[in-house]
Structure formats: structure tokens, C-alpha cells
Amino acid sequence: HIALLADEVYQDNVYRDDVHFTSFRKVMKEMGTPWAESLELISFHSASKGFVGECGKRGGYMQLDNIPKETLAEIYKMVSIIGCPNLIGQVVTDLMVTPPRQGDPSYDQFVAEKTKILKSLKARAEMISTALNNLEGYSCHPATGAMYLFPKVILPAAAIADATRQNEPPDSFYCLALLNATGICVVPGSGFGQVEGTFHFRTTFLPGEDKIQSVIERISTFHKGFMDKYRS
């Protein structure tokens, strides 16, 4: 059997009006027989991610569909050994899955706060992607959701050769140089199955709007110096 694990923690983080979240479970059910009754699906959601983003409060859930009874028994056994999740995590998860509804006293405040958070994330994503696209050798698609950008960087041949001499993947070499020079930590694209011969990194756009410009300036200054150093 092949079980499908659906990580859907960013289902509310959608930044384009023409794009909407659709759960794997909804698609599975709409496909009808035999998929709706046979596809083994485990869906995940968490209050530690998404627009809630309460990273210090660990809470979430998983929903299981079409999982064999024997496997369910083992999962329940494993969960029972762990013990009870922390209280705050349970409370935050409950609030996430049952937010205020229209007519509730806190509904207008909830909608205003959620809208503000998502608009801010969208603005920060646009600021960083626009700035990166203005740098030499960079290509960065705008974010349509989640909290990450995945820019492509064309590295000079001399930099690739230097990385090879140090037995370091070129994208890791670039990311470590960025970290050492600026303190900015990004994740090399080689860990995400990038096309061979291309170089990327993953970065978030989580710093506050008042800090984003500083991040952009440090990356820009570093990149110019890096390119000048290895320019052929």
C-alpha cells in the first residue's frame, strides 16, 4: 500500500485572489470510487504554522481516511504512550479549528487580525521577491502561499570551482558565505531536489515589515561582493 501524507498547515496562507486552497481529502472524495474508499490518506494541520504561527505553542491534529484497522490500532497505541499533549497546545488547536463565527462578539476583531497578518505576509513576500529579482543572476517567482520563497541563483564558474575544491555543493557554499557575512540563514536548494546544474535556496519572509528592508540591504550588499569576488 501507498499512504498519502498531506501536510496542509498553510491552507490559510494564500496570497492570490484567483488561487484557493483545496484539501487532498476533498479531491479524494470528489474522485469517487474506488479512490474515496481505498486511498490511504493522512492529513495534517498545526497551530504552529500558517497564519496562526504560534511556533512556541505546539498543537495540531491529523485526520486518517481509509487506514486499515490494524494500523489504526498501532497509531492509537503509539499516541497513548506519549501521554496527554500540553494544555496550551490543545487550547490553541481548538481555537484554530473553531474560530469565531459571524455574529460572535469577537468575529470582527478576528477577521481584522487575520486579514492584517495575511496582508502583511503578502507585502513582505513581494518586497523580498522584487528585491531579489533586481540582483544579478537572480530569478524569483512571487509567493502564492505559505511562508517561503525559492529563488534561483546563477553562480559564477569561479565560485562553483571554489566550492568543488572545498567539497561543498555550490548552493551550500553560497548559503554559508551569506550566513558568515550577514547572519542571514537560508536553506540550500540541494535539499529540495532541484534540477541538476541549477542552484537555489529557500528563505522565509517572516521578519517584520520594519526589518525586511534591512534584510534586503544585507543580502544585496553580500551578493554584489560575492559576484565581484568570483567574476571571471
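## Some details on the state of the cysteines
Using the criterion set out here, one finds zero disulfides in the structure. Just so you know, C140 is unpaired, no disulfide at all, and the nearest cysteine sulfur is the one on C175, 13 Å from it. Its sulfur unpaired, C185 is 8.3 Å from the next cysteine sulfur, which belongs to C175. Given the relative accessible area of 61%, C185 is considered exposed.

## A short note on helix α3 (residues 69-82)
Compared with the 20 Å implied by 1.5 Å per residue over 14 residues, the 20 Å span of α3 between its first and last C-alpha is a close match. G83, located one to two residues past α3, shows a positive phi value of around 95 degrees.

## Details of the sheet that holds strand β7 (residues 187-188)
The antiparallel open sheet is built from three strands, whose spatial order is β5-β8-β7. The sheet terminates laterally at β5 (148-149) and β7, the two strands that pair on one side only. Pairing geometry for β5 and strand β8 (residues 201-204), over two bridges, is antiparallel. Along β8, the bridge assignment pairs L149 with T203.

## Points about the side chain of D171
Within the secondary structure layout, D171 lies in helix α7 (residues 170-182). Those residues in contact with D171, other than ones at most four positions away along the chain, are L155, P188, G189, S190, Q194, F199 and H200.

## Things to note about the packing of helix α5 (residues 107-133) against helix α8 (residues 209-230)
In a pair of packed helices, the angle between the axes and the distance between the axes together describe the arrangement. Two elements in contact, α5 and α8, have axes whose closest approach is 10 Å; the angle formed by their N-to-C orientations is 15 degrees. Comparing their axes, α8 and α5 come out roughly parallel. Remark: the crossing between α5 and α8 carries right-handed chirality. Residue-level inspection shows S120, A123, R124, M127, I128, A131 and L132 of α5 in contact with α8, the latter providing E209, I212, Q213, I216 and I219.

## Digging into the pairing of β8
By the alternation rule, side chains of β8 split into F201 and T203, which are all buried, and R202 and T204, of which none is buried. Inspection of the sheet shows β7 paired to β8 by two bridges, in the antiparallel sense. Within the sheet, the bridge partner assigned to P188 lies in β8 and is F201.

What counts and how
- Residues numbered from 1 in each chain as written.
- Predicted model: local features only at pLDDT ≥ 70, side-chain atom pairs only at ≥ 80, totals over all residues.
- Heavy atoms only, no water.
- Disulfide = S-S within 2.5 Å.
- Buried < 20%, exposed > 50% of the residue type's maximum accessible area, 1.4 Å probe, protein only.
- Helix = DSSP H or I, 4+ residues; strand = E, 2+ residues; numbered from the N terminus.
- Expected span 1.5 Å × (residues − 1).
- Pairing = 2+ DSSP bridges.
- Contact = heavy atoms within 4.5 Å.
- Axes fitted to C-alpha atoms, helices over the stretch in contact; angles between N-to-C directions.
- Parallel < 35°, antiparallel > 145°, perpendicular 65-115°, else oblique.
- Left-handed = near helix turned anticlockwise from the far one by under 90°.

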